[in-house]
Amino acid sequence: MARAIINLPASARRGEIIEIKALVSHDMETGFRRTQTGGLIPRNIITDFVCTYNGAEIFRAEFYPAISANPYLAFSTRAAESGSIACTWTGDNGFSLTESAAITVA
Amino acid sequence: MNRGFSVLCSYCVALLLAAAAFSASAAQIGPLAADKTPRRSGYDFMGRETRAMQDDDAANPGMLWVLDGEALWSRKAGAAGRSCFDCHGDARSSMKGVAARYPAFDAARARPLNLEQRINLCRTGQQKAPPLAYESRDLLALSAYVGRQSRGLPIEIAIDERTRPFLDAGREMFNRRQGQLNLSCAQCHDANWGKRLAGNVIPQAHPTGYPIYRLEWQGVGSLERRLRNCMFGIRAQALEFGSDELVDLELYLMWRARGMNIETPAVRP
């Protein structure tokens, strides 16, 4: 079950700096580990994270094998207008997950 | 001579600090009147960042398992085609305080069962589904979801004539030296808590937040997994998941932590 939790204030004043927290469930298998019989466990990680605010990209991150399992990111943006903030995680083996939340800016 | 004096002084300071800590923690966790030592959750030994991670549901990775458990709660399973919800209804009310009472006595088995065993008994008995494997994602998710409904509630382990022998067996196990290092649980967790074992602070072994998200594991695990870790650490033969001895030990540990608040899903380093 791929699952993500994003958290941001439901409402904000225009121009206010808000914090966005994004947590996703993922094993982040590094590709360097081996099984007991010596076989390499193939890499399976999230490679990209993109956050959009009403469709415009506001934050992007690239992930590498040293990132922990179930990666957590927190970043901030300026509340400009009401709408939707969407986070998308993409990675190996066709992994893709999008989670969004609404914000009301007064 | 000088050195002896300063050691003595720092001992006095430590006593004062301990007294201060006691009065502060007494209000938080309310130790039983009979207990002389202040009891502290593993939470109290953690760094600021790890505490913040546990306290914020948006940052606590254990919540990912809780959400999975919530989905599983209403998913029909097995030949009976029933979900947990069909019998128990909304877990937020029906499971409130339940995890705080486990391990609990089961009349059919004539012994205490832990929460994972109880969930599997429901699966095989009511849902006619195969039991979930210990430490499987689904079993951890369900026990985390059920445990979450007791967060903030005090652990209440009822001991009566039926459960007392199992409690005594658990206590005996806690105090028994075992493994190549010939250590008992009590030698670390009663006699030396608060000191360091390598880089880690030795906690008092109160299982208040299971299943926990352990940073070292990069995932959620049960109390039994944690206990087996300790057994491995003292180079003893780790008991099998779900074995009677392990459940007795769980019962003793939960009883020992009675009155302390459930933190599930807790985060631990």
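Residues numbered from 1 in each chain as written. Chains lettered and ligands numbered in written order. Predicted model: local features only at pLDDT ≥ 70, side-chain atom pairs only at ≥ 80, totals over all residues. Heavy atoms only, no water.

Caption draft 1: Seen up close, the pairing of strand β3 (residues 17-24) of chain A. Residues and elements named next belong to chain A. Here β3 lies mainly inside the structure; six of its eight residues are buried. Pairing of strand β1 (residues 4-7) with β3, which is carried by four bridges, proceeds in the antiparallel orientation. Counted as the bridge partner of N7 is K21 from β3. Judged from the seven bridges that link them, β3 and strand β6 (residues 72-78) form a sheet pairing that is antiparallel. What sits directly across from A22, in β6, is L73. (Buried < 20%, exposed > 50% of the residue type's maximum accessible area, 1.4 Å probe, protein only. Helix = DSSP H or I, 4+ residues; strand = E, 2+ residues; numbered from the N terminus. Pairing = 2+ DSSP bridges.)

Caption draft 2: The arrangement of the packing of aromatic side chains in detail. All names here are of chain A. Tallied over the full model, the rule gives 10 aromatic pairs over all chains. Residues F59 and F75 carry aromatic rings whose centres are separated by 4.0 Å and whose planes lie at 5° to one another, so their mutual orientation is stacked. Of the two residues, F59 is situated in strand β5 (residues 56-62) and F75 in strand β6; the sequence distance between them amounts to 16 residues. Connected via pairs of aromatic rings, a cluster forms that spans F49, F59, F75 and W89. (Phe/Tyr/Trp six-rings, centres within 6.5 Å; stacked < 30°, edge-to-face > 60°.)

Caption draft 3: Fine view of the pattern of salt bridges. All chains considered together, the criterion is met by 22 salt bridges over all chains. One salt bridge connects E16(A) with R13(A), and the closest N-O pair in it is separated by 3.9 Å. Using a relative accessible area of 27% as the deciding quantity, one classes E16(A) as partly exposed. Between D190(B) and R256(B) there is a salt bridge, with the nearest N and O atoms lying 2.8 Å from each other. Of this pair, D190(B) sits in the loop between α9 (185-189) and β3 (196-197) while R256(B) sits in helix α11 (residues 244-256), and the two are 66 residues apart along the sequence. Each member of the salt-bridge network shares a partner with another, and the members are R3(A), D68(B) and R137(B). (Salt bridge = Lys/Arg side-chain N within 4 Å of Asp/Glu carboxyl O.)

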